[in-house]
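# Overview (structure and organization)
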Amino acid sequence: MDFPQRLIDGYSAFLAARLPVEQSRYRELAETGQHPEIMVIGCCDSRVSPEVIFDARPGELFVVRNVANIVPPYAPDEGAHGVSAALEFGVGALRVKHIVVLGHARCGGVKAFVEEAEPLSPGDFIGQWMRLMAPAAAKTPRGDLSPADYLTRLEHANIANSLDNLMTFPLLARLIEKGKIGVHGAYFGVATGELYVLDRSSGAFTRIAAEAYAKAFQAPRF
Ligand SMILES: [Zn+2]
């Protein structure tokens, strides 16, 4: 099978528009190394790209993505832990100042957990992985919420659970307690493009940049 034409076209567009503008920045980053101040832990979902949503330039965001933006708890065992490795590098080597867990609406991983979806392969890797959000589900009573509202509630709780799990990493917990690293939860509304940030004291997700959002749709677009 050939290399996807979509990627060749996209790379050509990058060469025509973005690389000439960013060339010197790429050179500088190659020589001096990357120094991103913000680490984002996001979902694999193709609609929720942190670099697109936050309009990031090369070298600005240190990103790790997995199914449903989960941070597994600290587990210093013989296993291979991808998120923990990224955290170790982001915190220990890059010394990021912020860690943002970016969740989103209509998350397929959260939905699979709720619906107890049939495994897609004998390994049932999604099932195993999504069980990491069981503590979030345990704290989220279904009550008489509609299925859609319950999913949203769980997507929110899953972000909070990932933030709680960050605190299980001893070095990271110390840095957070000392105020050297800020941790944040954010939630992207895929259909609307709205962004919400978690207020950890109240547990509520509050819309940010609502004015800029309104402005974006105010002016005639053509
Ligand atoms: Zn997702």
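All of these numbers come straight from a predicted model, not from anything done at the bench.

Reading guide: rules and limits
- Residues numbered from 1 in each chain as written.
- Predicted model: local features only at pLDDT ≥ 70, side-chain atom pairs only at ≥ 80, totals over all residues.
- Heavy atoms only, no water.
- Core = buried A, V, L, I, M, F, W, Y, C linked by side-chain atoms within 4.5 Å.
- Buried < 20%, exposed > 50% of the residue type's maximum accessible area, 1.4 Å probe, protein only.
- Contact = heavy atoms within 4.5 Å.
- Patch = residues over 30% accessible without salt bridge, like charges linked within 9 Å, V, L, I, M, F, W, Y side chains within 5 Å.
- Areas by Shrake-Rupley, 256 points an atom, 1.4 Å probe, with all protein chains shown as cover.
- Salt bridge = Lys/Arg side-chain N within 4 Å of Asp/Glu carboxyl O.
- Helix = DSSP H or I, 4+ residues; strand = E, 2+ residues; numbered from the N terminus.
- Pairing = 2+ DSSP bridges.
- Donors = N, O, S within 2.8 Å, 3.2 Å for Na, K, Ca; no water.
- 1 Å grid on protein atoms, 1.4 Å probe; cavity = no way out; pocket = protein on both sides within 12 Å on 5 of 7 lines; lining within 4 Å.
- Points joined across faces, edges and corners; volume = space filled by probe spheres on them.
- Nonpolar A, V, L, I, M, F, W, Y, C, P; charged D, E, K, R; others polar.

## Some details on the nonpolar core
M39, I41, V71, L87, I99, L166 and L172 are the most contacted members of the largest nonpolar core, which has 25 residues in total. Apart from the residues within four sequence positions on either side, V71 is in contact with I41, V83, L87, V101, S162, N165, L166 and F169.

## Brief notes about a nonpolar patch on the surface
Together, F3, L7 and I8 give the surface a local cluster of nonpolar side chains, amounting to about 300 Å² of exposed area. Mapped onto the elements, I8 comes out in helix 1 (residues 5-32). I8 sits in the partly exposed class, given a relative accessible area of 36%.

## Comments concerning the pairing of strand 1 (residues 38-43)
For strand 1, the tally of buried residues reaches 5 of 6 residues, placing the bulk of the element in the interior. Here strand 1 runs beside strand 2 (residues 61-66); their pairing, made up of 6 bridges, is parallel. Paired with M39 across the strands is F62, a residue of strand 2. Two elements, strand 1 and strand 3 (residues 98-104), share 5 bridges in a ladder whose sense is parallel. Pairing of I38 across the sheet is with H98, part of strand 3.

## A look at the coordination of the zinc ion
For the zinc ion, the full set of protein donor atoms is C43 (SG), H104 (NE2) and C107 (SG), and the range of their distances to it is 2.0 to 2.3 Å. In primary-sequence terms, the residues that donate to the zinc ion follow C-x60-H-x2-C. Here C43, found in strand 1, pairs with H104, found in strand 3; they are 61 residues apart in sequence, far enough to count as distant.

## A word on unusual backbone geometry
In this structure, D55 takes a positive phi of about 50° despite not being glycine. Its place among the elements puts D55 in the loop between helix 2 (50-53) and strand 2. Look at D55 and you get exposed, because its relative accessible area is 67%.

## Focus: the layout of surface pockets
The computed volume of the largest pocket comes to approximately 300 Å³. Y74, S84, L87, E88 and F169 are the residues nearest the centre of the largest pocket, which is lined by 14 residues in total. Taken together, the elements giving at least two residues each to the lining of the largest pocket come down to helix 3 (82-93) and helix 8 (170-177). Here the element with the most residues in the lining of the largest pocket is helix 3; it accounts for 6 residues. In the lining of the largest pocket, the residues fall into 10 nonpolar, 3 polar and 1 charged.

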